[in-house]
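# Architecture at a glance
Residues per chain, in single letters:
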Amino acid sequence: MPGLILVLVLGLCAIHFLRGLLPPATDLELLFDWGFVPARWSLAWGYAGPEAIIAAATSIDGGDADVTAAHLMIAEYVVAQGGASPVTALSYALLHGSWMHVVLNCVWLVAFGSPVVRRCGTTRSVILAVLATVGAVAVQWLSSPLSTQVVIGASGTVSGFMGAAALFVFRRPERVWDWPAGAQDRRSSLGELVRNRSALFFLGSWLVINLVVGLLSQPLGITEGGVAWQAHIGGLVTGLLVFRWLDPVSGTPGQTSSWTA
């Protein structure tokens with residue numbers, strides 16, 4: 001396991017362990033202060049005013065008056081707190097809803113972050129992680145700008161690594177005798193990716209899993225709320241799009257870019 005991935009895994013587990021030592025009220029305040037709340041960013045950017053956010057929370061029925069009242073109370077708290085801190089576009093990824101949530105993200109991080117770090121080095125991998133983390137919540141905000149639900153978890157970051165890895169781990173070697181090193185001589189273009197049956201099968205399965213987990217997240221004990229599947233897709237797309245600028249291996253076999261990490 002590359003050092004960067006080991007540090008990230010240990011860090012995520014340590015943060016969740018320490019949160020377990022906090023009083024519930026303090027932990028809840030921490031989630032709102034360091035998690036990503038779309039409505040708070042809408043306030044900060046002037047996209048929506050307090051009235052629109054309160055109205056959106058009031059319109060949530062849920063079939064239970066207590067649920068509606070809870071959403072309204074949260075919306076009033078968000079409005080009272082005002083705009084968001086820029087750091088929450090990154091810090092949300094360090095927080096998780098349960099130990100199952102942490103473990104699943106760490107497993108996927110090891111699986112897809114490791115080949116990316118080995119190929120790109122620490123510096124470029126950190127840049128990829130940052131861009132995927134921000135890209136994930138950008139898509140989440142676009143899908144629900146008035147939402148007062150707190151978005152947490154490293155799934156968007158992990159999805160960015162997954163998108164980057166998909167561009168080279170599914171490639172077949174140019175020559176049979178070059179396997180397995182030859183499979184990583186060059187990355188696939190997006191056009192080649194959509195023609196790669198193995199890659200399409202994997203990414204398609206991943207999308208289905210996201211939808212299923214989104215419906216069953218609470219019964220499975222993954223999180224105490226819903227799964228922000230839009231953020232997962234945002235992270236994946238970000239990884240697919242930006243990896244070409246961070247990949248030290250050019251499109252021509254055997255050549256590398258001039259930017260070393």
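As a starting point, this report considers the structure included with it. Nothing here was measured: the structure is a model prediction, and the numbers come from that model. (Residues numbered from 1 in each chain as written. Predicted model: local features only at pLDDT ≥ 70, side-chain atom pairs only at ≥ 80, totals over all residues. Heavy atoms only, no water.)

Further remarks concern the overall build of the chain. Summing up its helical and strand segments, the chain has 12 helices and 0 strands in all. The linear arrangement of helices and strands in the chain, starting from the amino end, is α-α-α-α-α-α-α-α-α-α-α-α. With 261 residues in all, the chain has 45% of them scored as buried. Carbon and sulfur atoms make up 67% of the accessible area of the chain, which amounts to about 13,400 Å² in all. (Helix = DSSP H or I, 4+ residues; strand = E, 2+ residues; numbered from the N terminus. Buried < 20%, exposed > 50% of the residue type's maximum accessible area, 1.4 Å probe, protein only. Areas by Shrake-Rupley, 256 points an atom, 1.4 Å probe, with all protein chains shown as cover.)

Attention now goes to the environment of L190. Note on placement: L190 falls in helix 10 (residues 190-194). According to the relative accessible area criterion, L190 is partly exposed, its value standing at 42%. Spatially, the C-alpha atom of L190 lies 8.6 Å from that of L241, the residues being 51 residues apart in sequence. Look past the residues within four positions of L190 in its chain and what remains in contact with it is L167, L240 and L241. (Contact = heavy atoms within 4.5 Å.)

Under the defined criterion, the tally for this structure stands at 10 aromatic pairs. Arranged with centres 5.3 Å apart and planes meeting at 70°, the rings of F32 and Y77 form a pair that is edge-to-face. Note that F32 is positioned in helix 2 (residues 24-34) and Y77 in helix 5 (residues 65-81), a separation of 45 residues in sequence. For F32, a relative accessible area of 10% translates into the label buried. Residue Y77 is classed as partly exposed on the basis of its relative accessible area, which comes to 30%. Summarising the aromatic geometry, the rings of W45 and W141 are spaced 5.1 Å apart at their centres and angled 75° between planes, so their arrangement reads as edge-to-face. Here W45, found in helix 3 (residues 38-45), pairs with W141, found in helix 8 (residues 122-143); they are 96 residues apart in sequence, far enough to count as distant. A relative accessible area of 13% means that W141 is categorised as buried. Taken together through their ring pairs, the aromatic side chains of F36, W41, W45, Y47, Y92 and W141 make up a single cluster. (Phe/Tyr/Trp six-rings, centres within 6.5 Å; stacked < 30°, edge-to-face > 60°.)

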